[in-house]
Amino acid sequence: MSKEYDVVVIGSGPAGYVAAIRCAQLGFSTACIEKWLNKDNKTVYGGTCLIVGCIPSKALLDTSHKYVEAQEHFAVHGIKVSKVGMDVPAMIERKDKVVTQLTQGVKGLFTANKVEGIAGTGKLISANKILVSGHDGKQEELAAKHVIIAAGSIPIDIPPTPVDQETIVDSTGALEFQEVPKRLGVIGAGVIGLELGSVWARLGSEVVVLEALDEFLPMVDRQVAKEAQKILTKQGLDIKMGARVTGSKLSKGAKKSVTVEYTDKDGEQKAQFDKLIVAVGRKPFTEDLIDPAVGIEFDERGFIKVDDQCATNIPGVYACGDVVRGPMLAHKGMEEGVMVAERIAEKKTQVNYDLVPSVIYTHPEIAWVGKNEEELKAAGVDYKVGVFPFAANGRALAANDADGLIKTIADAKTDRILGCHIIGPSAADLLQQMVIAMEFSASAEDIGLTMFSHPALSEGVHEAALAANGHAIHIGNRKRRK
Ligand code: FAD
Ligand code: AMP
């Protein structure tokens, strides 16, 4: 007899664990299957985000930022430090501790909410049956009225640079270096490539980023992308655009290095690195996840096909997070997890896919939501723009952290905010104020009429909104309309 549940979730990343907890809160008997084992062969819950993604990368970004502060910025404040050194293994150990604290936290949340965590690999074998293969080789069948697939994603490997997790690594390997590579290559100037490249550049690596596209951060507002390229280059990232990697050769001998072949506008090129990070994107992880007889449909890029509320074509089977269409972001998966649970409970929750915020955690951070100027121009929408530079923000200057700008875009006629684009200190948190405002269909005038604490970085949000209507106080107003 198979064990029966109202809901079985496959995968405990942000989409899966959130879905499982919300299902349990709504009164469903819920199990969540997870196959991830840590170095001690213990099951860990939390998925890519907590174990090898958002959290560990931010831990290393924070450590390396503090190192740069101590080395370069303390002196501006009059703080004298005699010798700043870097203990890389200690940095990695701290990162691991943060990961353990948070993954243990998910386990605790499962217990508190009565979600049953099940160790093993789940496979959907019919609309309401899941086969779990335990790490000890034992198999067990579970029955579920509803199934939520949240199996996540894995890094894309490209044939020219096969990952060995030693010299050629993916994002997971790049979180484990035990020393600072002298020369570091990064393939891909996307979010992950720029974040991980920044970590090691700050600690002293000579970093070369090879990007096949000619346009830097094509998904980002052009003004912000240009500013980002300028600042990151100044920080030491050698970003080579239009550079397509075509091959690689590992050196022989004890201390390995890799020679990367790439083509750019001048023809064939070569570069030698001590380590190479392959950060060319991620793909949905669906290998041996679903028996083809179940009839679940996939799209042409290998994602599980779902409707706006994450239902697959098979009644009772849902999928959410990185395994389905849309940006591969933890918060997008979490909101989908809640939506699926509430849909199972016959509530009418709907994720607002127009307002998914995006962040690149470089320093300064780059964050955006809604439409950018290029998209609005292409759609023929009449808009107005307000820009406020951090150089005019008292708090940013007081902190000696005044690179970047905030841009608010509003509809020319209705004044409704259509997008916000920030490069600057704490951009992620500043942006969130605009995400909330946009969720409530705020106008630029609404933000202008709101009182902001002084002195705060968020005053820049206020001023950028005022500037959209030519009413900024702390900068000159330039009329900028399409
Ligand atoms: P995952 O987190 O990938 O979790 C899926 C889980 O399912 C895994 O634990 C896996 O072991 C398990 N699983 C898969 N198949 C099975 C099976 N058959 N049986 C049992 N278990 C299974 N996003 C952000 O929003 N902000 C960031 O700052 C950010 N930084 C990132 C940095 C890096 C270096 C990386 C790699 C990613 C980053 N992301 C970030 C992306 C984010 O990690 C993902 O979008 C998010 O983890 C997706 O969540 P998920 O639940 O869909 O899948
Ligand atoms: P993202 O999908 O945001 O993680 O970004 C991955 C980046 O890697 C994209 O901008 C791709 O253009 C880039 N890329 C993919 N393949 C190659 C390659 N062979 N050489 C250089 N860049 C690549």
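One can find the structure itself at the top, above this paragraph.
These notes cover the structure that comes with them. (Residues numbered from 1 in each chain as written. Chains lettered and ligands numbered in written order. Predicted model: local features only at pLDDT ≥ 70, side-chain atom pairs only at ≥ 80, totals over all residues. Heavy atoms only, no water.)

## Structural notes on the site of ligand 1
Okay, so step 1: Residues in contact with ligand 1 amount to 38 residues; listed here are only the nearest, Glu34, Thr48, Lys58, Gly122 and Ala330.
Okay, so step 2: Asp322 is positioned such that a nitrogen or oxygen atom in its backbone is 2.8 Å from an oxygen atom of ligand 1.
Okay, so step 3: Between Met328 and ligand 1, the recorded distance is 3.3 Å, taken from a backbone N or O atom to an oxygen atom.
Okay, so step 4: In isolation ligand 1 has 1,000 Å² of accessible area, and contact with the protein removes 95% of it.
Okay, so step 5: Elements that contribute at least two residues to the shell around ligand 1 include exactly α1 (14–25), β2 (30–34), α2 (47–52), α3 (54–73), β4 (121–126) and α7 (330–344).
Okay, so step 6: Here the element with the most residues in the shell around ligand 1 is α2; it accounts for four residues.
Okay, so step 7: Split into classes, the residues belonging to the shell around ligand 1 amount to 17 nonpolar, 16 polar and five charged. (Near = heavy atom within 4 Å. Polar contact = N/O pair within 3.5 Å; in protein donor to acceptor, adjacent residues only side chain to side chain. Areas by Shrake-Rupley, 256 points an atom, 1.4 Å probe, with all protein chains shown as cover. Helix = DSSP H or I, 4+ residues; strand = E, 2+ residues; numbered from the N terminus. Nonpolar A, V, L, I, M, F, W, Y, C, P; charged D, E, K, R; others polar.)

## Considerations on the sheet that holds strand β14 (residues 267–273)
Okay, so step 1: Taken together, three strands build an open sheet; the order of strands is β12-β13-β14 and the sheet is antiparallel. In this open sheet, the two strands that pair with only one neighbour each are β12 (244–250) and β14. Going from strand to strand, the sheet's axes swing by 25° on average, the running direction of each strand aside.
Okay, so step 2: Note that strand β13 (residues 258–264) and β14 share seven bridges and pair antiparallel. Residue pairing in the sheet places Glu261 in a bridge with Lys270 of β14. (Pairing = 2+ DSSP bridges. Axes fitted to C-alpha atoms, helices over the stretch in contact; angles between N-to-C directions.)

## Comments concerning the pattern of salt bridges
Okay, so step 1: Within the structure shown, the criterion is met by 24 salt bridges.
Okay, so step 2: Of the charged contacts, one joins Lys138 and Asp136 as a salt bridge, the two residues approaching to 4.0 Å between their closest N and O atoms.
Okay, so step 3: In this structure Asp136 comes out as exposed when scored by relative accessible area, which is 57%.
Okay, so step 4: With its nearest N and O atoms 3.3 Å apart, the salt bridge here joins Glu179 to Lys255. (Salt bridge = Lys/Arg side-chain N within 4 Å of Asp/Glu carboxyl O. Buried < 20%, exposed > 50% of the residue type's maximum accessible area, 1.4 Å probe, protein only.)

## Observations regarding the nonpolar core
Okay, so step 1: Core analysis: the biggest nonpolar cluster contains 71 residues, and Phe110, Ile148, Trp200, Leu217, Ile277 and Ile366 have the highest contact counts within it.
Okay, so step 2: For this core, the leading source of residues is α1, giving eight residues.
Okay, so step 3: Here Ile148 is in contact with Val7, Val8, Val9, Ile10, Ala19, Cys23, Tyr318, Cys320, Val340 and Ile344, once residues within four sequence places are set aside. (Core = buried A, V, L, I, M, F, W, Y, C linked by side-chain atoms within 4.5 Å. Contact = heavy atoms within 4.5 Å.)

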